[in-house]
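Residues per chain, in single letters:
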Number of protein chains: 2
Amino acid sequence: MDYISHIQQALDSLDWKRQPLNLYGPIAYALQSGGKRLRPQLVLMAADLFGQVNTDTTAAALAIEIFHNFTLLHDDVMDNAPTRRGRPTVHYRWDDNTAILSGDQMLIEAYKQISYISSQCQSEALSLLNKVATEVCEGQQMDMDLERLSYDKVDGETLGTYIEMIRLKTSVLLATALQLGALTVGAPSDDCSNLYDFGINLGISFQIEDDMLDVYGEEQVFGKTLGGDICAGKKTYLLLTALARADWKTRKQLLDLLHDDELAKEKKVKEVKAIYDSLSVRNVTGDAIKTYTQKALSALQKVNGKPQEKQQLISLALQLEQRQH
Amino acid sequence: MDYISHIQQALDSLDWKRQPLNLYGPIAYALQSGGKRLRPQLVLMAADLFGQVNTDTTAAALAIEIFHNFTLLHDDVMDNAPTRRGRPTVHYRWDDNTAILSGDQMLIEAYKQISYISSQCQSEALSLLNKVATEVCEGQQMDMDLERLSYDKVDGETLGTYIEMIRLKTSVLLATALQLGALTVGAPSDDCSNLYDFGINLGISFQIEDDMLDVYGEEQVFGKTLGGDICAGKKTYLLLTALARADWKTRKQLLDLLHDDELAKEKKVKEVKAIYDSLSVRNVTGDAIKTYTQKALSALQKVNGKPQEKQQLISLALQLEQRQH
């Protein structure tokens, strides 16, 4: 089954040419902007693994995709991000109020999709969306809290907090996408739970890979200037690993570099990278990515289902691990 | 049944002392701030009319109250309002990002309450919340659109747009509160639909009364300085009525007054009020309030249910019509 066109067709069937235009126009804009459509794909793939994609599966895929784009809309306001997927963000193209209200409406539209799911699994789907939506908000709050945390307070526990933050902010939605898809075709609960674990570990590995690519990716393939996270002083897996591994002197060196607003960007990136290298941050991070991918794959191993569809999920996991952008 | 203490007890049973504190703290703050608790009261009253308040009724009442407070949180960000019910708003006490994210979580918490409703009416309750939530967002967007509309473009149709806006922004939530309450005790659908009409008309009359009190209320009882809407240039029922009734010359006079930023507040209020008086705006508005209250009461007349509980709803309607604040 061609997942991407199935999702695109489902998205196209939604009518946003409704009044008031200032409420629904930005929703259409946000949902047209493409992206990998990874999450709704996972819904469909999980359903395919145990049965046939049905109207419930499609509604669940739409709920997950609309919910995901709602979080992007509000996150972009909170981060004051000017662009998303190469286009102006909603709050830049319109304004903050529009992004807030249209975002709210998108969250409601996600729940509308749940209400279209047939009665035998609607209630469970509702509980799953409630749970994951709560966790994503908690993850976003942890992210903001972590951003405000002064570097001096970063200690051995911060890396654990970071993993918990990305579990909530990213992983649970991938995991729930799989779980929802499986639910819509009546998969056994053991399989749902193993699929969920697959999603959690896949998500964590995906996010750490993101941090890795920002520093050690190939510029042309990555599509943006390397070292953006370093310049922004973002508390990534790499930085937190470096701070956890550094001795007192190196830690001070690293913090001085991060606090130095005068230093040219390229120089800052180069020097921070040199410290990362001296602390084997690339290897340690690479190992972490491999470990989470392995955990994901062993959870998937325990899942029953059609072999060909299972192979697709394995390929996806390996593809995400080895991606360059 | 003591509705207010039942609601307070239900609200107190919710646990907001959860991590991350920056997400849940503002929710606790927003829900502690009191208010009339009119909407959850309507849920309980409607249930009482046909049966006994049960755990589904309480969950529905909480869903409605949490949803209502979610809209206040985000509206206050959008309007940049500094205070609400005599206390700093969430975005003033914390910041915009906190108000956005905690507001999102409140919307999710409203849906969580729906998921606690038992299976025989959960699905219908979900659809009702989806419908009303959408309408409230549409109403808020219409309100923002109306605010941006230049006075020169206000014409005979604007009053109709205004009524539709307050129907969506205020009335539908009152109406749905009643409908949900009735649903949780299995009331007949004819009765639900008449109760809904009662709520719609009650809400419109309530909102027009609000506009009226701002100009013709008694200052001590009203609790804030009169004429606030006039100074803010708000397009209220009174102003739109005046603009619809004024001849060319009076219209120009009124618009000049509204555009005059130099004029002292008291003088502006006095002169605008004089124009209102010359156009019988007070009488016309008073008639509108009476008409909507009458419509509300005749819809209620058609509703079956226990006489004593019905009398309580009638009293509430008359009380709201004759209120001074």
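Residues numbered from 1 in each chain as written. Chains lettered and ligands numbered in written order. Predicted model: local features only at pLDDT ≥ 70, side-chain atom pairs only at ≥ 80, totals over all residues. Heavy atoms only, no water.

Caption draft 1: View of the domain arrangement of chain A. Residue and element names in this part refer to chain A. Looking at the assigned domains, one finds that chain A contains domain 1 (1-149) and domain 2 (188-325). If you average the C-alpha positions of domain 1 and of domain 2, the two centres end up 25 Å apart. Across the interface of domain 1 and domain 2, roughly 1,300 Å² is buried in total on both sides, 70% from carbon and sulfur atoms. Counting the surface domain 1 buries against domain 2, the share from its top three residues, Met45, Leu49 and Phe50, is 46%. Across the contact surface, domain 1 and domain 2 share zero salt bridges. Linking domain 1 with domain 2 are seven residue pairs in polar contact (both at pLDDT 80 or more), by the criterion used here. Counting residues per element, the ones that place at least two in the side of domain 1 that touches domain 2 are helix H3 (38-50) and helix H7 (119-148). No other element matches the seven residues that H3 contributes to the side of domain 1 that touches domain 2. Counted by class, the side of domain 1 that touches domain 2 contains nine nonpolar, one polar and five charged residues. (Domains from an automatic or database assignment. Buried area = accessible area lost by both parts, 1.4 Å probe. Salt bridge = Lys/Arg side-chain N within 4 Å of Asp/Glu carboxyl O. Polar contact = N/O pair within 3.5 Å; in protein donor to acceptor, adjacent residues only side chain to side chain. Helix = DSSP H or I, 4+ residues; strand = E, 2+ residues; numbered from the N terminus. Nonpolar A, V, L, I, M, F, W, Y, C, P; charged D, E, K, R; others polar.)

Caption draft 2: The pattern of salt bridges, seen in detail. Within the structure shown, the criterion is met by 24 salt bridges over all chains. Here B:Lys112 ties to B:Glu109 by a salt bridge, and the two come within 3.6 Å at their closest N and O atoms. Of this pair, B:Lys112 and B:Glu109 both sit in helix H6 (residues 96-115), three residues apart, roughly one helical turn. By relative accessible area, B:Lys112 is classed as buried at 14%. Across the salt bridge formed by B:Glu164 and B:Arg167, the nearest N and O atoms sit 3.0 Å from each other. Note that B:Glu164 and B:Arg167 are positioned in helix H8 (residues 158-184) at a spacing of three residues, about one turn of the helix. Using a relative accessible area of 30% as the deciding quantity, one classes B:Glu164 as partly exposed. By sharing partners, the salt bridges in this structure join A:Arg18, A:Glu109 and A:Lys112 into a single network. (Buried < 20%, exposed > 50% of the residue type's maximum accessible area, 1.4 Å probe, protein only.)

Caption draft 3: Broad picture of the packing of aromatic side chains. Throughout the structure, instances matching the rule amount to eight aromatic pairs over all chains. Judged by centre distance (5.6 Å) and plane angle (55°), the rings of A:Phe67 and A:Phe70 are tilted. Taken together, the residues A:Phe67 and A:Phe70, both in helix H4 (residues 55-79) and three residues apart, mark about one turn of the helix. The pair formed by A:Phe67 and A:Phe70 is uniform in burial state, with each residue classed as buried. For B:Arg18, the ring lying beneath its charged end belongs to B:Tyr24, and the centroid distance is 4.3 Å. Just above the ring of B:Trp94 sits the side chain of B:Arg93; from NZ or CZ to the centre is 5.0 Å. (Phe/Tyr/Trp six-rings, centres within 6.5 Å; stacked < 30°, edge-to-face > 60°. Lys NZ or Arg CZ within 6 Å of the ring centre and 35° of its normal.)

Caption draft 4: Region of the structure containing the relation of the copies chain A and chain B. Here chain A sits on chain B after a turn of 180° about the axis and a move of 0.0 Å along it, with an RMSD of 0.0 Å. This pairing of chains is accounted for by a two-fold axis. A high fraction, 100%, of the interface residues of chain A reappear at the interface in chain B, so the copies pair face to face through one surface. (Least-squares fit on C-alpha atoms with pLDDT ≥ 70 in both. Contact = heavy atoms within 4.5 Å.)

Caption draft 5: Structural context of unusual backbone geometry. The residue after A:Gln19, namely A:Pro20, is reached through a cis peptide bond having omega -10°. By the element assignment, A:Pro20 lies in the loop between helix H1 (3-12) and helix H2 (21-32). With a phi angle near 55°, B:Asn80 is a residue other than glycine that sits in the positive phi range. Along the chain, B:Asn80 turns up in the loop between helix H4 (55-79) and strand E1 (83-84). Taking relative accessible area as the criterion, B:Asn80 reaches 47% and is therefore assigned partly exposed.

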